[in-house]
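Read off the chains here:
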Amino acid sequence: MRGSRGKHSWFLFFISVIISISGSGTDTLSPTEQVTMGGLGTSSMNLNPTTFAISMIATVLIWWFWNALNWVWLRPKTIERRLKEQGFLGNSYRPLVGDIRDMVKMTKEAKSKPMDPHSNDIAPRVLPYVVHTIAKYGRNSFMWLGPRPRVFILDPDKFKEIATKVYEFQKPDTSPLFKLLASGFANYDGDKWAKHRKIVSPAFNVEKLKLLVPIFCQSCDDLISKWESVLSSSNGSCELDVWPFVQNVSSDVLARAGFGSSYEEGRKVFELQREMLQLTMTLFKFAFIPGYRYTPFSCFKDQFAVLISILASSCCLEGLASTTISKIGGLHQMLGLHQYGIAAVPRDSIQCLPESKGTTKLGASFETPCGRLLIKPKDYIEMISCMRPNIWATLADEVPAWVSDKRNKTSVDRTVRWLDDCLALNPAAGSVFGAIVGGPNLDERKRCAEEVAKRNLSGYWIGGFGLGEGIDERPALLSAIIDILPDEKPRMISGLGLPEEILEGINAGIDLFDSTYIYSLTLGGFALTFSLDKSGNQYNFQKGQIGSDLTKINLRAKVYRKDMSPILGTCTCYTCQNHTKAYINHLFNVHEMLAQILLEIHNTHHYLTFFHVIREAIKDGRFEKFRRTFIESRRAHHEREAICA
């Protein structure tokens, strides 16, 4: 409430300033008009526009001056007083610059002198001012980086408490420059910090780190081989600067561990990062000024040019470049799956989510591990031509279910236009499936289907499902689309994965399913256990599946710690034939990636067998009976469980 009252008082203050400054405009008014202005009426108020403009400018200047004064002097002095009351010591605050001048001067002096060759203490050279401050004021001290203090925490117990209480001790806001260049795990806060810490922690397990030993050995062998080649070309003796080689070894290890590539393949990225670091250290010597990137100074221009180059190169390092896949011979050659069909759709619900807010008329926007990427139809076709899939869907503007009707209409218009662009580029790869979108809007779905059906295509890809629409809405949406599309051409859909959703999709007329259901289940530690009975009866599931919901069980649960039975006794997959629930539960508890491998083998086998049972039911003409029995028996089970609960 204090902040709210403060904002209101400032607002009233500004209004009073405007009225007081504008009061001179009332001198020319009649007494009656002045009385009207003194009340609540405003119909007779005729302020001079010039006077009013001057009053507004004065108000803005006063507001700006007060904020500048608070940022430069009042707030830092208040923080300094409170820090000293809590027992922290440091230099008195100096306006705007703080301790930056002394820090820069001391850093230059430290780097101008050679290090002691017999000492491994690098702190006085790397952070000389920090060492000086701690030596002068003790372990509870602070320094000033401009108008903001930096407190030193050297007590391990206090540091642990701060690191664990992520909601009470929040990281300070950094400059936009630092957010742009060095944003990452160390700067995350709150739920984001907790989430990424949970993801990263298993990677630093001692057993996992041991796997890096062969990478270190290979990099060191390459280093020694280079030294030997230099030595052999210099008649047996030479003077060698080892520092550049040591830097290259560190880069090589990081590249091989993170990207699976050698340093030579990522040389450009690491050279750009080194240059970026030097430019960044230069810029950090200056105070942050909004809009400085547009200034004519060369260091600012170079810094952002290098940043763009790094981002472009990093996207290539995230995975194999399209040109590399093309040289290999396409995805079939790279994966060794010559007897399987591969379908490419502009949607990956695992790593690459469609971002409707960032999509423009030029192309679709995707959130990827490399950041947000804008994919234009030309870029998309180049990727398709390099990957050479059997089936590929045209670029689509997918939107979630909660967008407005106007945004839905725009997504349909863009999707149809991009369809024509993709067809005009005429890629020599696979069968083309036209994309159909429209969200939960029935009319837009129909309009998109009608427009796409007019084109000469091999099939149709139905997108926009699984993005927030209601389950009850799907049958009507699917029926409206399928009724328009020709029967002789296949239809593929993304976003449906549950067994009931698969059956409803097939009943509506869907032929192919693109789903991440198996991956999501496996990631959560769930194993599929629903019955594959030819009649569809879900009461014939394996007995003893504790906690089963007639679909899956959670192998992370403690109840399976001593369970020596397979996931399913009737399953013929590799996992069920060779391993037990207790073993998989143990692998999950020790964060061993083999747990997900074994579990995904079972889930994939079970899921594909489910489709085999469906195909047999279709061939025998009993699919409708199978579908009804499957869904009704599961619904009866859930209703009975709800009543018992």
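Above this note sits the structure.
Trainee: Would you mind going over the overall build of the protein in detail, with residue names and values included?
Mentor: Along the backbone of the protein there are 26 helices and 13 strands. Across the 645 residues in the protein, those meeting the buried criterion constitute 34%. The long-range share in the protein, meaning contacts at least 24 apart out of those at least 6 apart in sequence, stands at 62%. If you sum the accessible surface of the protein, you get close to 38700 Å²; carbon and sulfur atoms cover 59% of it.

Trainee: Tell me about a nonpolar patch on the surface, and please be specific about residues and values.
Mentor: Together, V60, W63, W64, F65, W66, L69, W73 and L74 make up an exposed nonpolar region whose accessible area comes to about 830 Å². Mapped onto the secondary structure, V60 falls in helix α3 (residues 49-85). V60 sits in the partly exposed class, given a relative accessible area of 48%.

Trainee: Quick one: what's the story with the pairing of strand β2 (residues 148-151), residue by residue and with numbers?
Mentor: Here 4 bridges tie strand β1 (residues 142-145) to β2, and the two strands are oriented antiparallel to one another. In the strand pairing of β2, W144 is matched with P149. Linking β1 to β2, which pair antiparallel, is a turn of 2 residues; within it G146 sits at a positive phi near 70°.

Trainee: Before we move on, can you summarise the pattern of salt bridges with the specific residues and values?
Mentor: What the rule picks out here adds up to 20 salt bridges. The partner of R94 in a salt bridge is D102, with the nearest N and O atoms 2.9 Å apart. Assessed through its relative accessible area of 32%, R94 is described here as partly exposed. Between E451 and K454 there is a salt bridge, with its nearest N and O atoms 3.5 Å apart.

Trainee: Go over the environment of P149, please, and point to the residues and values.
Mentor: Counting through the fold element by element, P149 comes out in strand β2. Distance in space between the C-alpha atoms of P149 and P76 is 7.9 Å, their sequence separation being 73 residues. Excluding its chain neighbours within four sequence positions, the residues that come into contact with P149 are I79, L83, F142, M143 and W144.

Trainee: Outline the side chain of N91, supporting the account with residue identities and numerical values.
Mentor: Along the chain, the position of N91 falls in the loop between α3 and α4 (100-112). Classification of N91 as buried rests on a relative accessible area of 17%. Of note is the side chain of N91, whose polar atom sits 2.4 Å from the side chain of Y137.

Trainee: Explain α3 residue by residue, including any values.
Mentor: Spanning 37 residues, α3 covers 52 Å between terminal C-alpha atoms, matching the ideal 54 Å at 1.5 Å per step. For α3, the complete set of buried residues consists of T51, S55, T59, P76, E80 and L83. A positive phi of about 95° marks G87, the residue just after α3.

Trainee: Break down the packing of aromatic side chains for me, citing the residues and quoting the values.
Mentor: This structure, assessed with the given rule, holds 13 aromatic pairs. Between F530 and F610, the aromatic rings sit 5.2 Å apart at their centres with planes inclined by 85°, giving edge-to-face as the arrangement. Linking F530 in the loop between β12 (526-528) and β13 (552-554) with F610 in helix α25 (residues 594-619), this pair joins segments that are 80 residues apart in sequence. You can call F530 buried: its relative accessible area is 1%. Looking at F610, the relative accessible area reads 1%, which means it is buried. Relative to F611, the ring of F610 lies with its centre 6.0 Å away and its plane at 70°, an arrangement referred to as edge-to-face. Among the aromatic residues, those joined into a ring-pair cluster are F513, Y517, F530, Y607, F610, F611, F626 and F630. We note K552 situated over the ring of F526; from NZ or CZ to the ring centre the distance is 5.5 Å.

So, how was this worked out
- Residues numbered from 1 in each chain as written.
- Predicted model: local features only at pLDDT ≥ 70, side-chain atom pairs only at ≥ 80, totals over all residues.
- Heavy atoms only, no water.
- Helix = DSSP H or I, 4+ residues; strand = E, 2+ residues; numbered from the N terminus.
- Buried < 20%, exposed > 50% of the residue type's maximum accessible area, 1.4 Å probe, protein only.
- Contact = heavy atoms within 4.5 Å.
- Areas by Shrake-Rupley, 256 points an atom, 1.4 Å probe, with all protein chains shown as cover.
- Patch = residues over 30% accessible without salt bridge, like charges linked within 9 Å, V, L, I, M, F, W, Y side chains within 5 Å.
- Salt bridge = Lys/Arg side-chain N within 4 Å of Asp/Glu carboxyl O.
- Pairing = 2+ DSSP bridges.
- Polar contact = N/O pair within 3.5 Å; in protein donor to acceptor, adjacent residues only side chain to side chain.
- Expected span 1.5 Å × (residues − 1).
- Phe/Tyr/Trp six-rings, centres within 6.5 Å; stacked < 30°, edge-to-face > 60°.
- Lys NZ or Arg CZ within 6 Å of the ring centre and 35° of its normal.

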